[in-house]
Amino acid sequence: MQDLGRFGWAHFGISASGAADALALRAGNLLVGNAENAAALEMTLIGGAFEFEAAAVIALTGSDFGAGLPHWTAVEIPAGHVVRCGPTRSGARCYMAVRGGIAVPKVMGSASVHVMTGVGGRPLRAGDTLPIGDAAVRRARGPLEPLTSAGPVRVTPGPQSDAFASELYAAPYTVSEESNRMGLRLRGLAIPSPAGSMLSEGVPLGAIQVPPDGQPIVLFVEHQTTGGYPKPANVISADFWRLGQLRPRDQVTFECITIDQALDLLRAQERWLYSLL
Amino acid sequence: MTIRPASDRSLLVSFATGITPEAHREVVRLTRAMHGLRGILNLHPAFCSVLVDFDPRLRHHAEVEALIHERLESAAHEPPAAARTVEIPVVYGGENGPDLEDVARHTGLAPEQVIQMHAAAEYTVAFVGFSTCFPYLDGLPSALATPRLSAPRKRVPVGSVAIGGIHAGVYPLESPGGWRLIGRTSLRLFDPAATPPPLLRMDDRVRFIPVPEGRL
């Protein structure tokens, strides 16, 4: 269960969590006529079977998990129907938004499950029942032409970028099996660590940190709030959704751009999303 | 003070390059002064810096930088909030503190001396961070400083009282961790089902009270 995250608690060591591909969750909610922050289902690598006791309007966004339904548009589901999502056929995550929202209790202002700590509950299990809410705010609509994840992931320089040469940009990295919602562990060309140690400091979403073994870690939605490894770069906001679609063994390359370019890309992405309204 | 972008949606504000009481005071001041402002999503205090995370659709770097200066300025003459003191009962050693012997060996002290010195000191919560509600405590007697484990444990029990380098800490949840475990408390620092604040907050004073096994 995810929404856009739990903000305002980092000074207690609680990172925002929230949808790994927040853009797909927002799009799903807008397609079914919800507020973009409504709680929706996040499926990772494999889905599940979801029986609807009453008729509902849903939208499947993100990756194709073989549900046999149109994606990126509102779909009417009759009462008694079972939506079956299998293993992924494309990226790492598929979202199911339901018109009215999924009415789960909020913890600290968010329905998002922080999987690693249990804040906000736990991942769903077979047999769980979820109430559908009545919080739709406009009519359902669609379809929306999805964005494609092609080319390098764009980054801006991190706080310690001066201490690094350009190794991060030299060759592709492979997403390791040990990756999770806390961080994407990458394997590839080792990046030499700068000399000396540094004091722990606050770390944002998408920070690329380099531990002594030189294999970079991209901090993800359930990231630690502070860290002591140097950071050559930070993934741009407009590419966060692409991190959420990376699977183990996928390859990723990085390209450094300016903050102004990053913000231009974010504005273009917001225009694409709000074309739905 | 230096302010630089950490990402396209955050600024890193640094008050010093080393741990000092002055930098700690500034970290506390800025964290309080920026809390709850529109478009400011999260504040990440640390030993001598604060990361300010904002919504890039509502705010941009220059604007947030100006806001930081403005808020620090207007908070400059406010007296610091009175510090709270929290007492934490600890059962030291044995299965509650499996690394007590290692800390004694590393520091050249007897385990009883480690306990006595750890419990005699007064600590300050430098900040709460890293993982959920984890308090970084300044004030560990330097004779007790012990490096972290070379390979972190996969499971540290909830309430473990620990030493990591020159800092002390308490694990608020069962989690992986690389600090040396010297004891354990039954006091709950954080309840995942409840809304914070956690028991220990930035700038609190902390004392550890040795208690016999069975009193946890």
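Our subject is the structure listed above.
This write-up is about the structure you can find in this document. (Residues numbered from 1 in each chain as written. Chains lettered and ligands numbered in written order. Predicted model: local features only at pLDDT ≥ 70, side-chain atom pairs only at ≥ 80, totals over all residues.)

**Some remarks on the overall build of chain A**
The secondary structure content of chain A amounts to three helices and 16 strands. Dimensions of chain A, computed from C-alpha atoms along their principal axes, come out at roughly 65 × 35 × 30 Å. Among the 277 residues that make up chain A, the fraction classed as buried is 49%. Taking contacts inside chain A between residues at least 6 apart in sequence as the whole, the part at least 24 apart equals 73%. (Helix = DSSP H or I, 4+ residues; strand = E, 2+ residues; numbered from the N terminus. Buried ≥ 20, exposed ≤ 12 C-beta atoms within 10 Å, placed from the backbone. Contact = placed C-beta atoms within 7 Å.)

**As for the sheet that holds strand E1 (residues 41–44) of chain A**
All names here are of chain A. With antiparallel pairing, the four strands of this open sheet are ordered in space as E1-E6-E3-E4. At either margin of the open sheet sits one strand with a lone partner, and together these are E1 and strand E4 (74–77). Going from strand to strand, the sheet's axes swing by 30 degrees on average, the running direction of each strand aside. Examined bridge by bridge, strand E3 (residues 56–62) and strand E6 (residues 93–98) share five bridges and lie antiparallel to one another. Residue pairing across strands places leucine 60 opposite methionine 96, the latter belonging to E6. Strands in contact with helix H1 (residues 22–32) are E3, E4 and E6; relative to E3, the strand with the most contacts, it is inclined by about 155 degrees. (Pairing = 2+ DSSP bridges. Axes fitted to C-alpha atoms, helices over the stretch in contact; angles between N-to-C directions.)

**Some details on the nonpolar core**
In this structure, Ala97 of chain A together with Val52 of chain B are the most contacted members of the largest nonpolar core, which totals 136 residues. Among the elements that take part in this core, H1 of chain A stands out by supplying eight residues, more than any other. Beyond its immediate chain neighbours, meaning those up to four positions away, valine 52 of chain B contacts Ser10, Leu11, Val13, Met34, Ile40, Leu43, Val64 and Ile68 of chain B. (Core = buried A, V, L, I, M, F, W, Y, C linked by C-beta atoms within 7 Å.)

**Digging into unusual backbone geometry**
Note that the residue after glycine 142 of chain A, namely proline 143 of chain A, is joined by a cis bond; omega there is 0 degrees. The peptide bond linking proline 196 of chain B to proline 197 of chain B adopts the cis configuration, its omega dihedral lying at 20 degrees. Here proline 197 of chain B shows up in the loop between strand E12 (180–184) and strand E13 (205–210). The backbone of methionine 108 of chain A sits at a positive phi, close to 55 degrees, despite the residue not being glycine. Mapped onto the fold, methionine 108 of chain A is located in the loop between E6 and strand E7 (153–157). A positive phi angle, near 80 degrees, is found at aspartate 203 of chain B, a position not held by glycine.

These figures come from the coordinates and say nothing about function on their own.
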